[in-house]
Amino acid sequence: MTTAPILAARGVSKFFFGNRVLRDVSIALQPGRIHALLGENGAGKSTLINILSGALRPDSGGVEVDGKTYRALSPRDARRAGVAVAQQELGLTSQISIAENVGLGDFPRRYGLIDYGDLARRAKAALDLVGLDEDLASPVDDLPLGRRQMVEIARALFREPRVLILDEPTSSLSAHEAQTLTGLLERLRSKGVAILYISHRLNEVMRLCDYVTVLKDGVVTADRPMQGVDAADLVRLMVGRDSGHLFPEWTPVADREPIVSVAGLSSSVLRDIDITIRRGEVFGIGGLVGQGQEDLLLSLYGALPASSRSATFRGRPGLPRSVRAANDLGLAYVPADRKREGLHLAHAIAWNLMLPSFARAAALSLRRRGAERGLAAQLADRFTIKGDLTRQVQVLSGGNQQKVALAKWIPGDPRVLLLNDPTRGVDVETKREIYGLLRRLAGEGKAIVLSSSDTPELVHLCDRVAVMRQGRIVANIERQSLSEEAIVAASMGAETARAAA
Amino acid sequence: MSLSDPVRFPRVRARAILGSRPFLTVLLVAAVWIAASFAKPGFGAFGHLRYLFELGAVVGLVAIGQTFVVIAGGIDLSVGAIITVSAVGAPLVAIPGDGSGAFAILAILAAATAIGFLNGLGVALLRAHPMIMTLAMATFLQGLLILIAGGSAVSAQNPLLEWLGDARPGGVPAGVIVWIFASALALAALHATPFGARVFALGANPLASTLSGIDARATTIAVYAISGFASGVTGLLLLGMNGQGYVGIGDPYLLSSIAAVVLGGTSILGGAGTYAGTIPGAILLVTITALITVVNASPGWRSILFGALVLALLLLSGREARRR
């Protein structure tokens, strides 16, 4: 292609505290092209985005905007050149309204005051593009994660960008929302917008993107048109070796006694749910994002008020009334939003690994540091969390943080693991480790409940899958009839779901 | 096998300790003391320094409770009022048959703890903001004091408290001995028990703590009860040292307790800190008060000077590092 790029990095290197994060990286974003940026967590993708948007200054090399080279591009320069970034969630201010979030930092003014009328009009236009019909005045806090992600994208579109950078836009989107996004990106491409697209979902990338740059440990390992590349090639370029199979062999466990059974579970979101959880099973929960999956897990975990017609947890009647009670019954919960709900970011890795044990132990007993360290080191070994455990947990990559959030429950020997989208934003290698681990735990006779927005995961890992829609379970699909089509069809409410069930 | 694994748990470096906030606060105290001894003869005399520790014990004891509450992510604005209630209340609850005064002491400590417990209930169950809850409690207590004690000072006839205020076994003031024991208990509870870990967890991230099985309500109620108890002890010690209690006796200790906690490096946002820093923080505060007293100024100017100096010291000893 001979088109001149709008935005390009030329031979960029970046160091953090003496560690090289990027080495001599070049990338060129051309108008009318969807450009994929691939790499495992920690490969340097976020750093590169930050350099392209002016948030970080490269240690050597430069950024070129419309042919003009900047040694130190400022965020202002980048904005003026029409570069907009849709961050991977949490870029939003949760207490202010959707419209204000969309326009934040770029409010239309009249007589020096914010022109709310104009803001609402333009925000509405941006939100229409991403297919959001929520009330503009409602706070972002009220939205489920997937919708928040769409607001984040609308926020980038609000600026009518010439270069649009999307950092893992689909990691928390449902199949339907992802489809809307795909359509939108294709339209933007035809209008000549340069798009940089970061995602862990290879199928999606291969379908959508024209060009691909692969980063591995801060070095570009591929920079070429997408045509003629297959998924295995890409994984090899990211990981540096053959990925083999992502999912472990599925081996059914013989002893599948019910361990939890609930009938008529209802709450403000849930509508009359019947559910049975069995030992030795990975039980999937699918559906579009925000159909009550999280409420279901939290209700079983005693963290949300709910009622039921009948409930038995490990032989005892009734729903757990508190998280403590649920823990005592052998339930453990790994949240989707690990930074806010799962971990204490500023505390040490070892300390995070011990937290449920602190909650369980007698309040005024003496802690035994030696035993704590031994246990933490064992857990870290088993979950392949490398290095110094006295570091703050926030220095770990997303995948390793997820392993900590999961590993901390193991000392309590939980019988039922409730997992809320455990592989969201996690790199391929860690995903594979987590999959293997879940199968192993099921093999040991634990019950795994896996709510996931990643449909292939449900198909390949689960013994059966319940699909939720609007607070109900609309289909129960057994292993032999599991397929992506069956799950998607049931989530969208297609008639075939009944047949599959 | 991995107990002493240097990769998993590297040895703590001397530099990390020397650069820690508690240690820096100790250095600051030392520097102020050395400067003051040169500037004013007699400041560095043993008797005077011992006196400073005696005053420091009062601030240090209130600040025990404040440290727990602040680390748990709250704040207790009722400590001054609880001190006053204890100091004024102890003579009132004396009963004739109680020669040693032990009954009055136990009754007051129970009452102070109960007040803290109520603060905790309000914060944990009614979900009142800690500032509102404890400020309302303080106002309530002040009204109560005016009703029962009027405006007059009450003298204590309590042998145990008199001993606490005056005795110096082995040359060490009894109040300082109480402070040393209480400090040891506080440090152990914070850093060597699961309860302490829960307090840190709650202050750092309440949501993640609850989802990890920590009983946030019980922990919250416990820290406010500890603060009530610590304020009760402080009130009794003050009464012993002063000989009489009056309305307003506890007022200066509200700012002091919070300032001592923050000067010692505990995050006002919760989740991080240690009582080991509060100890030199308390000493630093009483040192400033003593220095201001020798400057011959009116009470109004002293108060202004004290407030300004506390602010300056906080800026000097490092502001809150930005988080997130």
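Residues numbered from 1 in each chain as written. Chains lettered and ligands numbered in written order. Predicted model: local features only at pLDDT ≥ 70, side-chain atom pairs only at ≥ 80, totals over all residues. Heavy atoms only, no water.

### Looking at the overall build of chain B
Phase 1 of the analysis: Each helix and strand counted, chain B has 14 helices and two strands in total.
Phase 2 of the analysis: The globule rule puts the C-alpha radius of gyration for 324 residues at 20 Å, and the 20 Å found for chain B is close to it.
Phase 3 of the analysis: Dimensions along the principal axes, computed over C-alpha positions, put chain B at roughly 65 × 55 × 40 Å.
Phase 4 of the analysis: Here chain B holds 324 residues, and the buried ones make up 50% of them.
Phase 5 of the analysis: In chain B, 16 side chains carry a positive charge and 9 a negative one; their mean positions are 17 Å apart. (Helix = DSSP H or I, 4+ residues; strand = E, 2+ residues; numbered from the N terminus. Rg over C-alpha atoms; globule rule 2.2 N^0.38 Å. Buried < 20%, exposed > 50% of the residue type's maximum accessible area, 1.4 Å probe, protein only. Lys, Arg positive; Asp, Glu negative; His and termini not counted. Charge placed at Lys NZ, Arg CZ, Asp CG, Glu CD.)

### Concerning helix H6 (residues 175-190) of chain A
Residue and element names in this part refer to chain A.
Phase 1 of the analysis: Helix length check: H6 (16 residues) gives 23 Å between terminal C-alpha atoms against 22 Å at 1.5 Å per residue, within 8%.
Phase 2 of the analysis: Listed in full, the buried residues belonging to H6 are Glu177, Ala178, Leu181, Leu184, Leu185 and Leu188. Buried residues of H6 fall within an arc of 120 degrees about the axis and therefore sit on the same side. Exposed and oriented more than 90 degrees from the buried face of H6 are Gln179 and Ser190.
Phase 3 of the analysis: At its buried positions, H6 is contacted by strand E3 (33-38), helix H4 (116-129), helix H5 (145-158), strand E9 (163-167), strand E10 (194-198) and helix H7 (202-208). (Expected span 1.5 Å × (residues − 1). Arc of directions from axis to C-beta. Contact = heavy atoms within 4.5 Å.)

### Here we look at a nonpolar patch on the surface
Residue and element names in this part refer to chain B.
Phase 1 of the analysis: A grouping of Leu92, Val93, Phe140, Leu144, Leu147 and Ile148 is seen on the molecular surface, where their side chains present a nonpolar patch of about 600 Å² in accessible area.
Phase 2 of the analysis: At four residues, the largest contribution of residues to the nonpolar patch is made by helix H6 (residues 130-149).
Phase 3 of the analysis: Tracing the backbone shows Leu92 in helix H4 (residues 79-92). (Patch = residues over 30% accessible without salt bridge, like charges linked within 9 Å, V, L, I, M, F, W, Y side chains within 5 Å. Areas by Shrake-Rupley, 256 points an atom, 1.4 Å probe, with all protein chains shown as cover. Salt bridge = Lys/Arg side-chain N within 4 Å of Asp/Glu carboxyl O.)

### Here's the deal with the pattern of salt bridges
All names here are of chain A.
Phase 1 of the analysis: Counted under the stated rule, the structure contains 25 salt bridges over all chains.
Phase 2 of the analysis: Ionic pairing is found between Arg278 and Glu281, a salt bridge with its closest N-O pair at 3.8 Å.
Phase 3 of the analysis: A relative accessible area of 28% places Arg278 in the partly exposed class.
Phase 4 of the analysis: Since its relative accessible area comes to 1%, Glu281 is described here as buried.

### Observations concerning the side chain of Thr274 of chain B
Phase 1 of the analysis: Within the fold, Thr274 of chain B resides in the loop between helix H12 (252-263) and helix H13 (275-294).
Phase 2 of the analysis: Residues in contact with Thr274 of chain B, not counting those within four places in the same chain, are Pro22, Thr67, Ile71, Leu187, His191 and Thr266 of chain B.

### Some words on the pairing of strand E1 (residues 7-16) of chain A
Residues and elements named next belong to chain A.
Phase 1 of the analysis: Within E1, seven of the 10 residues are buried, which leaves it mostly tucked inside the rest of the structure.
Phase 2 of the analysis: Where E1 and strand E4 (residues 60-65) come together, five bridges link them in antiparallel fashion. When the bridges of E4 are listed, Ala9 appears paired with Val63. (Pairing = 2+ DSSP bridges.)

### With respect to the side chain of Glu429 of chain A
Phase 1 of the analysis: Here Glu429 of chain A is to be found in helix H15 (residues 428-443).
Phase 2 of the analysis: Here the side chain of Glu429 of chain A touches Arg432 of chain A through a polar contact of 3.2 Å, side chain to side chain. (Polar contact = N/O pair within 3.5 Å; in protein donor to acceptor, adjacent residues only side chain to side chain.)

### Concerning the pairing of strand E12 (residues 219-225) of chain A
Residues and elements named next belong to chain A.
Phase 1 of the analysis: Here six bridges tie strand E11 (residues 211-216) to E12, and the two strands are oriented antiparallel to one another. Bridge assignment links Tyr211 to a residue of E12, and that residue is Pro225.
Phase 2 of the analysis: Joining the antiparallel neighbours E11 and E12 is a turn of two residues, in which Asp217 adopts a positive phi near 50 degrees.

### What to know about the interface of chain B and chain A
Think of interface size as the accessible area that goes away when the parts come together; that is how it is often given.
Phase 1 of the analysis: Facing 28 residues of chain B, the contacting portion of chain A comprises 44 residues.
Phase 2 of the analysis: A buried area of about 2,800 Å², summed over both sides, lies between chain B and chain A, and 62% of it is on carbon and sulfur atoms.
Phase 3 of the analysis: The largest contributions to the chain B side of the interface with chain A come from Arg8, Phe9 and Leu211 of chain B, which together make up 27% of the buried area.
Phase 4 of the analysis: At the surface where chain B touches chain A, the tally comes to one salt bridge.
Phase 5 of the analysis: For Asp381 of chain A, the salt bridge goes to Arg8 of chain B, with nearest N and O atoms at 2.6 Å.
Phase 6 of the analysis: The tally of links from chain B across to chain A stands at 20 residue pairs in polar contact (both at pLDDT 80 or more).
Phase 7 of the analysis: Counting residues per element, the side of chain B that touches chain A draws most heavily on helix H9 (residues 194-204) of chain B, which supplies seven residues.
Phase 8 of the analysis: In terms of residue class, the side of chain B that touches chain A is built from 16 nonpolar, nine polar and three charged. (Buried area = accessible area lost by both parts, 1.4 Å probe. Nonpolar A, V, L, I, M, F, W, Y, C, P; charged D, E, K, R; others polar.)

### Focus on the domain arrangement of chain A
Residues and elements named next belong to chain A.
Phase 1 of the analysis: Once the domains are mapped, chain A shows domain 1 (7-239), domain 2 (245-330 + 414-501) and domain 3 (347-410).
Phase 2 of the analysis: Between the C-alpha centres of domain 2 and domain 3 there is a distance of 26 Å.
Phase 3 of the analysis: Across the interface of domain 2 and domain 3, roughly 1,100 Å² is buried in total on both sides, 65% from carbon and sulfur atoms.
Phase 4 of the analysis: One salt bridge connects Lys403 with Glu433, and the closest N-O pair in it is separated by 2.7 Å.
Phase 5 of the analysis: Here domain 2 is connected to domain 3 by three residue pairs in polar contact (both at pLDDT 80 or more).
Phase 6 of the analysis: Those elements that provide at least two residues to the side of domain 2 that touches domain 3 are helix H10 (323-328) and H15.
Phase 7 of the analysis: Examining the composition of the side of domain 2 that touches domain 3, we find that six residues originate from one element, H15, more than from any other.
Phase 8 of the analysis: For the side of domain 2 that touches domain 3, the class distribution of residues is nine nonpolar, two polar and four charged. (Domains from an automatic or database assignment.)

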